Amino acid sequence: FCDIKDFSSMSEQLAPSELADLLNIYFTEMTDVLREHGATIDKYIGDAVMAFWGAPIIRAEHAIDALNAGVAMINNLPTLRHISEQRGWPHLDIGIGINTGTVSVGNMGSRYRLAYTVIGDAVNLAARYEALTRLYGTQVIVGEATRLANPKMNFRELDHVRVKGKGMATRIYEPIISEKAFSPALLAEHKQALNAYYAADWENAESGFLNLETQTSDEIYYPLMRARVQAHRNSQNASFDGITSYTR
């Protein structure tokens, strides 16, 4: 799943005709990238595009293809932003959620209208991951299965979460697209701070997140995690299990 961040705000700033032009350009550019990486375009939903791999043509490396497509979409953003700037449109940013799992695929709908689509728990998780990109200040979030299927890519673990409607928790990750922005040394430091957080070692977690905040340009994730540390420390919650549960 991929959609435009703050699209509601953009809709208020643009005339309907301009909004339509923006979406047409955005969907064309992103669809070109997806098709280049072997995706099946499922549908456009407002400002979102949904795509999947593995049907109708089987692709053995579908998880790798999906992640490569997501990275390529992020790398294609400067082109879209240049067009947007030239036309006086708002700054463009996107969120992408990628998950890997078994789904049902085929023609679904009613006797009046059918669509070739996918359904299943793995699909729902991908949509949840996309929504979480706003909260964690990332452009891409992937699940555990996608991470394991991409051993050549480095990832930053973000959290251990239980999304709405799920009983089982899952770890979520951000692919490291540029090592200039996040070096292996910083990645190791991040892992140490996150493990301290999971272990309820609030002092080391907070100092670690603060140090990372000063060394990176991340102005959302590390302040979020430091705020959580403070909240847990103040609550003295002895039952903390390292899992963040979402109800919406």
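See the structure above.
Residues numbered from 1 in each chain as written. Predicted model: local features only at pLDDT ≥ 70, side-chain atom pairs only at ≥ 80, totals over all residues. Heavy atoms only, no water.

Visitor: How should I be thinking about the overall build of the protein chain in this particular structure?
Guide: Secondary structure summary: the protein chain contains nine helices and ten strands in total. Dimensions of the protein chain, computed from the C-alpha atoms along their principal axes, are close to 55 × 40 × 35 Å. Here the protein chain holds 248 residues, and the buried ones make up 44% of them. Residue pairs at least 24 apart in sequence account for 61% of intrachain contacts in the protein chain once pairs closer than 6 positions are excluded. Total accessible area on the protein chain stands at roughly 13,200 Å², and carbon and sulfur atoms take up 50% of it. (Helix = DSSP H or I, 4+ residues; strand = E, 2+ residues; numbered from the N terminus. Buried < 20%, exposed > 50% of the residue type's maximum accessible area, 1.4 Å probe, protein only. Contact = heavy atoms within 4.5 Å. Areas by Shrake-Rupley, 256 points an atom, 1.4 Å probe, with all protein chains shown as cover.)

Visitor: How should the pattern of salt bridges be read in this particular structure?
Guide: For side chains of opposite charge, pairing can occur when their charged atoms come near one another. Scanning all chains against the criterion turns up 13 salt bridges. With a closest N to O distance of 2.8 Å, Asp65 and Arg59 form a salt bridge. Judged by relative accessible area, Asp65 falls into the buried class, the value being 13%. For Arg59, a relative accessible area of 29% gives the class partly exposed. Its salt-bridge partner being Glu213, residue Arg226 comes within 2.9 Å of it at the nearest N-O pair. Of this pair, Arg226 sits in helix 9 (residues 221–235) while Glu213 sits in helix 8 (residues 202–215), and the two are 13 residues apart along the sequence. Taking relative accessible area as the criterion, Glu213 reaches 22% and is therefore assigned partly exposed. Salt bridges sharing partners connect three or more residues here, namely Asp3, Glu130 and Arg134. (Salt bridge = Lys/Arg side-chain N within 4 Å of Asp/Glu carboxyl O.)

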